[in-house]
Amino acid sequence: MLKCVKATVCRMPPPSTQSVGRPAGSVWGASGGALGVVRGRDGAARGVRAAEHLVATALFGDAAAAVVVLGAHRARTAAGPALVATCSRLHPGTGHLMGMRVGTGGFAVFLSPEVPAFAEKHLPGEVRDFLAGHGLTTEDITSWVCHPGGPKIMEALDQGLGLPPGALALSRDSLAEYGNVSSASVLDVLRRTLAAPPAPGSAGLLLALGPGLTSELLLLAW
């Protein structure tokens, strides 16, 4: 860990006509390590507000994931669930809860502590309505492939949906091993589910929350 005790720990000469300032999120190439230190110095210099962004950013790790999706003519001979139905929803009036702002200093992540309460209040009804549209209830779901947004998010889902003990065990395992790696997290939970798939003919639900707030529901058939 590299500690920056003071914002002025890395003293920089006055900018010249040859100086460039590259914001976080641009392509840095081999100079990324050095520039990461500079951007950290810049964040520390911005004070308390930047500290809030740093805390939000610190909650997320880096990862990459991919999914192979097959058409119906090939899926019959492949392992894995069928994607039966999806639901994408933007929840009005929740833009202040999670997202990113782009400014001269790069991306500023914001994440409200109200997100778990929102999830517990609104997601259960949304999930039940989605399942009811396909003749199912939460009791019919044998595999919950949920994005591990954090312990409080998973507790909110457990309580709000009345899930049986261990329903989110794979999500908790993923969080414990890798942390929250944003959009790749739920795909890691899917990978873990595929390693010991449910019985053929059973139903599963893939669930994730994103900035907006937005929710994504995917009904799976094993």
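So, how was this worked out
Once a new chain begins, its residue numbering starts again from 1 and follows that chain's sequence as written. Predicted model: local features are reported for residues with pLDDT of at least 70 only, side-chain atom pairs are reported and counted for 80 or more only, and whole-chain, interface and lining totals are derived from all residues. Where side-chain values are given, they derive from all heavy atoms of the structure, hydrogens and water being excluded. We call two strands paired when DSSP finds no fewer than two bridges between them. Every helix listed is a DSSP run of H or I at least four residues long, and every strand listed is a run of E at least two residues long, numbered separately from the N terminus. Fitted lines through C-alpha atoms serve as axes, helices being fitted only where they are in contact, and the angles separating the N-to-C directions of these axes extend from 0 to 180 degrees. Counted as salt bridges are all cases of a side-chain nitrogen of Lys or Arg within 4 Å of a carboxyl oxygen of Asp or Glu. For the purposes of this section, nonpolar cores are sets of buried Ala, Val, Leu, Ile, Met, Phe, Trp, Tyr and Cys residues that join through side-chain atoms within 4.5 Å. Exposure categories follow from relative accessible area, calculated using a 1.4 Å probe and restricted to protein chains: below 20% of the type maximum is buried, above 50% is exposed, and the middle band is partly exposed. In this analysis, two residues are considered to be in contact whenever any of their non-hydrogen atoms come within 4.5 Å of each other. A score between 0 and 100, pLDDT records how confident the predictor is in each residue.

1. Considering the sheet that holds strand S1 (residues 82–90)
Line of reasoning, step 1. Here we have 4 strands laid out as an open sheet, ordered S1-S6-S5-S4, and mixed in their pairing. In the strand order of this sheet, the two ends are held by S1 and strand S4 (141–146), each with one partner. Across the sheet, the mean angle separating the axes of adjacent strands is 15 degrees when strand polarity is ignored.

2. Observations concerning the pattern of salt bridges
Oppositely charged side chains are able to pair whenever their charged atoms sit close together.
Line of reasoning, step 1. Going through the model one piece at a time under the given rule, you end up with 4 salt bridges.
Line of reasoning, step 2. Its salt-bridge partner being Glu-177, residue Arg-192 comes within 2.7 Å of it at the nearest N-O pair. One end of the pair, Arg-192, is in helix H7 (residues 185–195); the other, Glu-177, is in helix H6 (residues 169–178), with 15 residues separating them in the sequence.
Line of reasoning, step 3. Residues joined by salt bridges that share partners form a network here, namely Glu-177, Asp-188, Arg-191 and Arg-192.

3. What to know about the nonpolar core
General note: in soluble globular proteins, nonpolar side chains tend to be found buried as a group.
Line of reasoning, step 1. By size, the foremost hydrophobic cluster in this structure holds 30 residues, and its most contacted members are Leu-131, Trp-144, Leu-157 and Leu-205.
Line of reasoning, step 2. Those elements that place two or more of their residues in this core are helix H4 (115–132), S4, helix H5 (151–161), strand S5 (203–210) and strand S6 (214–221).
Line of reasoning, step 3. A total of 7 residues in this core trace back to one element, the largest contributor, which is H4.
Line of reasoning, step 4. Leave out the neighbours within four places in its chain, and Leu-157 touches Leu-123, Cys-146, Gly-162, Leu-163, Leu-168 and Leu-207.
Line of reasoning, step 5. Among the nonpolar cores identified, the runner-up in size contains 7 residues, and Val-145, Val-189, Leu-206 and Leu-220 belong to it.

4. Let's talk about the confidence of the model for the chain
Line of reasoning, step 1. Taken over all residues, the pLDDT of the chain has a mean of 79, while the share at 70 or more is 73%.
Line of reasoning, step 2. Mean pLDDT across the elements of the chain bottoms out in helix H2 (residues 48–58) (59) and peaks in S4 (96).
Line of reasoning, step 3. Here residues 15–20 is modelled with pLDDT under 50, and outside its nearest four sequence neighbours on either side it reaches 0 contacts, counting other chains as well.

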